[in-house]
Amino acid sequence: MTGPAVGGVRALAVWCPDWPVVAAGVPLDEPAVVVRASRIVACSPAARHNGVAVHQRRREAQAKCPELTVIDHDPAVDARAFEPVAAALEALTPRIEIVNPGCCAFPTRGPSRYHGGDEVLAGMAAELAAGVLAGRGPAQVGVADGPFAARLAARSRPARSGPSGPPFGVDAPEVVEPGGSPGFLAGQSVTTLDRPELVGVLERLGVRTLGAFAALPVADVVGRFGSEGAVAHRLASGLDERPPATSPPPVDLSVAIELDPPAERIEAAAFVARGLADELQGKLSRRGSACTQLLIGAETEHGERHERVWRTEGRFTAMSIAERVRWQIDGWLHSGVQRPTGGLTRLWLVPDEVVPAGGRQMVFTSAGPGAVDAVEAADRAARALARVQGMAGVEAVHVPERRGGRSPAEQIVLVPAAAVDVTEPRPATERGWVTEPWPGRVPDPAPAVVHVPPVAAEVLDADGRPVVVDGRGLIASPPATVTVGGGREERRGRPTAVASYAGPWPCDERWWDPANHRRRARLQVLTTAGQAYLLVVESGSWAVEATYD
Amino acid sequence: VVLVAAGPGVRRRAADARRLVARVRERGAVLVTVGGDLPGQPGNVQLTVTAARWEGLGEKGSGYLRRRRVSVVASGRGEASRPRRAELWLPAKEGELAPAEPLAVPLPVPDRQVSASPALVEVAV
């Protein structure tokens, strides 16, 4: 890249702050958070006012703000709720790019000339978005050179609404003069790049603003941070993420499929979309390309058409394309006035912006016969999951993830496979994902069988009396026999003698929440037959929580 | 390598088992069944835990279950027809599988089979 850099394409961004909270239908003047894997992904201004912040742990947020409403994150709900906003903005221009649910952008050159200038256009966009949101949340508008600067301009509007603020009206849009983007960006923090690892290093190096980052020589940035650094440097300099493409993508990359019979249900359409996404990804990868911006279109048997442009920061995978098709169709089906009247007959995907694919990472196994293509393996796994989803239903397929918790049952949870992208690295499946200490947790190794619900048991001491854990978490007399399957006489096992035991480990959870308060103590017991159990006692009743098999 | 695991809770019908095994052979995959052979489809290798002993519990409630030493016998057809025995940590301290140094005095084999005796069956590597 030599010579004076050309500024980005002038763009308008509409940003709805705290979108997951708005999408969940919670008024923003109530403290609420949206949580994924016990981490806050979004919070309402009222919660923020109380010290809650994104990326906090849920419990930390609850400690700061006990009356908090906690909502589980569902990206599909976000996307569906955002569809009316995008549809309203289509009155201005047909090319709305959805960056993510809650934020969309479009190039302003044409519409701005037509409607009479950036200010007027931005005002109209703000009116339209506010009209759709109808006071449920604010919509902020920014215009600048390049979608990145436009997004930051939209965000730079001061958040007006305190917990007792006025209802959300129309904020004055932020319009950065043409050519003014580098100056506007220079004062912004590097955290706006949204690349935590890079930002962490930059902050430790003392580079805190985009201006300071942009002032670094580009060659040094590439040498130190690689291609990701180069992209970030372009953004910080007020350029587009990528140099403008010199040639438009060839038309033969688009893929389409006819649906016969027409798909009436979202599952059927999503299943077809999955295959279509695979086909597109195959075409792209054969050319060594990847897609960063994509048009998804659908048509019904009554000729209604629905097209959206989706944009991603990284590169689309087959999985993420299929996910966006699902969001889009779901949003269309729930859009009220413009909802389709018939089944879907045609789906098409048109790559709008194509870039060279990143190199494929080959994984070498030490003992294996040779190189395993990690991308290929992940794709195969994803295809297998998609097939099973097609047969058993999307909700029936789950994948495990680690979570923080004390009992073995809390430490592994099953999440719907549809909610995760198995083609991406999944840190939540790695040992070491849970870094919090969880005092009182059952130590590793984990038991082989966890009984849900726990199996009742009888634990007696040498004199035949039930073993009791007192208020200090101590036992007066050690356990001598265990009988699994208490209660009904015929289902009860034989008493087995205890060879040794460990514990008790008392555990007093959620004492601040009367409805969910649990006071338990656990005991590991090894019988003379060699069987090991994890026993739990709650209000004087023993049960086998897990078996070390 | 594609690995298919069938747990003890899976409904086992001879027809399903035949189709599954044929499919696994055709794809060059490995089938592992837990809790015995599929009906009519004996595995190539059977892995059986013959003895097991937990370690880590101390006196008067101290310690915790740290690891379990198991004796595993592999038997089966073809190359595996001569039974082989190995001492393993299952699980080892981090929950993984690790080889164990053989003891001078082998673990006592109980009269009946250890209740936790997963018969692992491997078909068509």
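Preceding this section is the structure that the text describes.
Quick summary incoming for the structure in this document. Here the structure is a predicted model, which is why all the values come from computation and not from measurement. (Residues numbered from 1 in each chain as written. Chains lettered and ligands numbered in written order. Predicted model: local features only at pLDDT ≥ 70, side-chain atom pairs only at ≥ 80, totals over all residues. Heavy atoms only, no water.)

**Brief notes about the overall build of chain A**
Working step 1: From N to C terminus, chain A includes 15 helices and 22 strands.
Working step 2: Expressed as a percentage of its 549 residues, the buried residues of chain A come to 46%.
Working step 3: Across chain A, contacts joining residues at least 24 apart in sequence account for 58% of those joining residues at least 6 apart. (Helix = DSSP H or I, 4+ residues; strand = E, 2+ residues; numbered from the N terminus. Buried < 20%, exposed > 50% of the residue type's maximum accessible area, 1.4 Å probe, protein only. Contact = heavy atoms within 4.5 Å.)

**Here's the deal with the overall build of chain B**
Working step 1: Helix and strand content of chain B: one helix and seven strands.
Working step 2: Across the 125 residues of chain B, 34% fall into the buried class.
Working step 3: Residue pairs in contact within chain B that sit at least 24 positions apart in sequence constitute 56% of those at least 6 positions apart.
Working step 4: For chain B, the accessible area works out to roughly 7,800 Å², and carbon and sulfur atoms hold 54% of it. (Areas by Shrake-Rupley, 256 points an atom, 1.4 Å probe, with all protein chains shown as cover.)

**Notes on the state of the cysteines**
Among covalent bonds in proteins, the disulfide is the one between the sulfur atoms of two cysteines.
Residue and element names in this part refer to chain A.
Working step 1: Under the criterion given, the structure shown has zero disulfides over all chains.
Working step 2: In this model Cys16 remains outside any disulfide bridge; the closest cysteine sulfur is found in Cys104, 7.3 Å from its own.
Working step 3: Judged by relative accessible area, which is 2%, Cys16 ranks as buried. (Disulfide = S-S within 2.5 Å.)

**Focus: the sheet that holds strand E5 (residues 97–100) of chain A**
All names here are of chain A.
Working step 1: Taken together, nine strands build an open sheet; the order of strands is E8-E7-E1-E6-E5-E11-E10-E12-E9 and the sheet is mixed. Each edge of the sheet is formed by a strand with only one pairing partner; in this case those strands are strand E8 (174–175) and strand E9 (255–263).
Working step 2: The sheet contact formed by strand E10 (residues 289–300) and strand E11 (residues 305–311) spans seven bridges and is antiparallel. Bridge pairing links Gly297 to Glu307 in E11.
Working step 3: Relative to E11, helix H4 (residues 75–89) is tilted by about 105°, and along the sheet it contacts strand E1 (10–15), E5, strand E6 (103–107) and E11. (Pairing = 2+ DSSP bridges. Axes fitted to C-alpha atoms, helices over the stretch in contact; angles between N-to-C directions.)

**Some words on helix H6 (residues 118–133) of chain A**
Residue pairs spaced three or four apart in an α-helix point in one direction, given the helix's 3.6 residues per turn.
Residue and element names in this part refer to chain A.
Working step 1: The terminal C-alpha atoms of H6, which comprises 16 residues, lie 22 Å apart, in line with the 22 Å expected from a rise of 1.5 Å per residue.
Working step 2: Those residues of H6 that fall on the buried side of the exposure criterion are Asp118, Leu121, Ala122, Ala125, Ala126, Ala129, Ala130 and Leu133. Buried residues of H6 fall within an arc of 165° about the axis and therefore sit on the same side.
Working step 3: Once H6 ends, the next one or two residues include Ala134, with phi positive near 50°. (Expected span 1.5 Å × (residues − 1). Arc of directions from axis to C-beta.)

**Description of helix H12 (residues 266–286) of chain A**
Working step 1: With 21 residues, H12 of chain A extends 30 Å from end C-alpha to end C-alpha; this agrees with the ideal 30 Å at 1.5 Å per step.
Working step 2: Two residues or fewer past H12 of chain A, Gly288 of chain A is found with a positive phi of approximately 70°.

**Some words on the packing of helix H9 (residues 196–204) of chain A against helix H11 (residues 218–236) of chain A**
Residues and elements named next belong to chain A.
Working step 1: Where H9 meets H11, the axes come as close as 11 Å, and the angle between the chain directions of the two elements is 100°. Looking at the two axes, H9 sits roughly perpendicular to H11. Contact with H9, carried on its side by Leu198, Val201 and Leu202, involves Arg224, Phe225 and Ala232 of H11 and no other residues of that element.
Working step 2: Looking at the contact of H9 with H11 residue by residue, the classes come out as five nonpolar, no polar and one charged. (Parallel < 35°, antiparallel > 145°, perpendicular 65-115°, else oblique. Nonpolar A, V, L, I, M, F, W, Y, C, P; charged D, E, K, R; others polar.)

**Section: unusual backbone geometry**
All names here are of chain A.
Working step 1: The residue after Asp260, namely Pro261, is reached through a cis peptide bond having omega 5°.
Working step 2: Its location among the elements puts Pro261 in strand E9.
Working step 3: Cis geometry is adopted by the peptide bond preceding Pro453, which originates at Val452 and carries an omega value of -5°.
Working step 4: Looking at the secondary structure, you find Pro453 in strand E17 (residues 449–461).
Working step 5: Although it is not a glycine, Asp18 sits at a positive phi angle of roughly 55°.

**Quick notes on the nonpolar core**
Residues and elements named next belong to chain A.
Working step 1: Counting residues in each nonpolar core, the largest one holds 63 residues, and the members touching the most others are Leu12, Val14, Trp19 and Leu349.
Working step 2: Considering each element in turn, this core owes the most residues, eight residues, to helix H13 (residues 318–333).
Working step 3: Residues in contact with Trp19, not counting those within four places in the same chain, are Asp78, Ala81, Phe82, Val85, Pro101, Gly102 and Leu133.
Working step 4: In this structure, Leu152, Leu202, Val221 and Leu235 belong to the second largest nonpolar core, which totals 29 residues. (Core = buried A, V, L, I, M, F, W, Y, C linked by side-chain atoms within 4.5 Å.)

**Quick look at the environment of Val190 of chain A**
Residue and element names in this part refer to chain A.
Working step 1: With respect to the secondary-structure elements, Val190 resides in the loop between helix H8 (181–186) and H9.
Working step 2: Of the residues examined, Val190 reaches a relative accessible area of 0% and is grouped as buried.
Working step 3: When the C-alpha atoms of Val190 and Ala232 are compared, they prove to be 9.4 Å apart, with 42 residues separating the residues in sequence.
Working step 4: The contacts of Val190, once residues within four sequence positions are left out, are Val199, Leu202, Glu203, Val207, Arg208, Thr209, Leu210 and Phe213.

**Let's talk about the environment of Gly471 of chain A**
All names here are of chain A.
Working step 1: Take Gly471: it is sitting in the loop between E17 and strand E18 (479–484).
Working step 2: Residue Gly471 is classed as exposed on the basis of its relative accessible area of 61%.
Working step 3: Taking the C-alpha atoms as reference points, Gly471 and Pro506, 35 residues apart in sequence, are found 9.2 Å from one another.

**Things to note about the sheet that holds strand E4 (residues 69–72) of chain A**
Residues and elements named next belong to chain A.
Working step 1: If you trace the three strands from one edge of the open sheet to the other, you get E3-E2-E4, paired in mixed fashion. The open sheet terminates on both sides in strands that have one partner only, identified here as strand E3 (39–43) and E4. The sheet shows a mean angle of 35° between the axes of neighbouring strands, taken without regard to direction.
Working step 2: The pairing of strand E2 (residues 32–36) with E4 spans four bridges and is parallel. When the sheet's bridge partners are listed, Ala32 is paired in E4 with Thr69.

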